[in-house]
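# Coordinate analysis (summary)
Read off the chains here:
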Amino acid sequence: MARRRGVMSDRFKEELAKDLGFYDVVEREGWGCIRARDAGNMVKRAIELAEQQLLESRTR
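Procedures and definitions
Residues numbered from 1 in each chain as written. Predicted model: local features only at pLDDT ≥ 70, side-chain atom pairs only at ≥ 80, totals over all residues. Heavy atoms only, no water. Helix = DSSP H or I, 4+ residues; strand = E, 2+ residues; numbered from the N terminus. Rg over C-alpha atoms; globule rule 2.2 N^0.38 Å. Areas by Shrake-Rupley, 256 points an atom, 1.4 Å probe, with all protein chains shown as cover. Lys, Arg positive; Asp, Glu negative; His and termini not counted. Charge placed at Lys NZ, Arg CZ, Asp CG, Glu CD. Salt bridge = Lys/Arg side-chain N within 4 Å of Asp/Glu carboxyl O. Buried < 20%, exposed > 50% of the residue type's maximum accessible area, 1.4 Å probe, protein only. pLDDT = per-residue confidence, 0-100.

## Examining the overall build of the protein chain
The helix and strand tally for the protein chain stands at 3 helices and 0 strands. Against the 2.2 N^0.38 benchmark of 10 Å for 60 residues, the protein chain shows a C-alpha radius of gyration of 13 Å, more extended than a compact globule. Taking the principal axes of its C-alpha atoms as reference, the protein chain extends roughly 40 × 30 × 20 Å. Surface exposure of the protein chain reaches about 5400 Å², of which carbon and sulfur atoms provide 49%. Within the protein chain, one finds 13 positive and 11 negative side-chain charges whose respective centroids are separated by 5 Å.

As structure tokens, then:
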């Protein structure tokens, strides 16, 4: 089975991981070693940021 290419850029994921406080794990062990909770929080934060951008673009 082919692996899907992610929607988020690596840079954006790194910024989210830094903001959420688990980037040190990513640096040491890679993305495959983050906790499911951290991955979920990262997705949740990305959605929040996208919704915020959408609302801001509609008010302009």
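## Here we look at the pattern of salt bridges
In this structure the tally under the stated criterion is 6 salt bridges. With a shortest N-O distance of 3.4 Å, Arg45 and Glu48 are connected by a salt bridge. Here the residue Arg45 and the residue Glu48 both occupy positions in helix H3 (residues 36-58), the gap between them amounting to 3 residues, near one helical turn. For Arg45, a relative accessible area of 33% gives the class partly exposed. Through salt bridges with shared partners, one network takes in Asp24, Arg28 and Glu29.

## What to know about the confidence of the model for the protein chain
Per-residue pLDDT for the protein chain averages 92, and the proportion of residues at 70 or more is 93%. For the protein chain, H3 is the element with the lowest average pLDDT, namely 95, and helix H2 (residues 23-29) is the one with the highest, namely 97.

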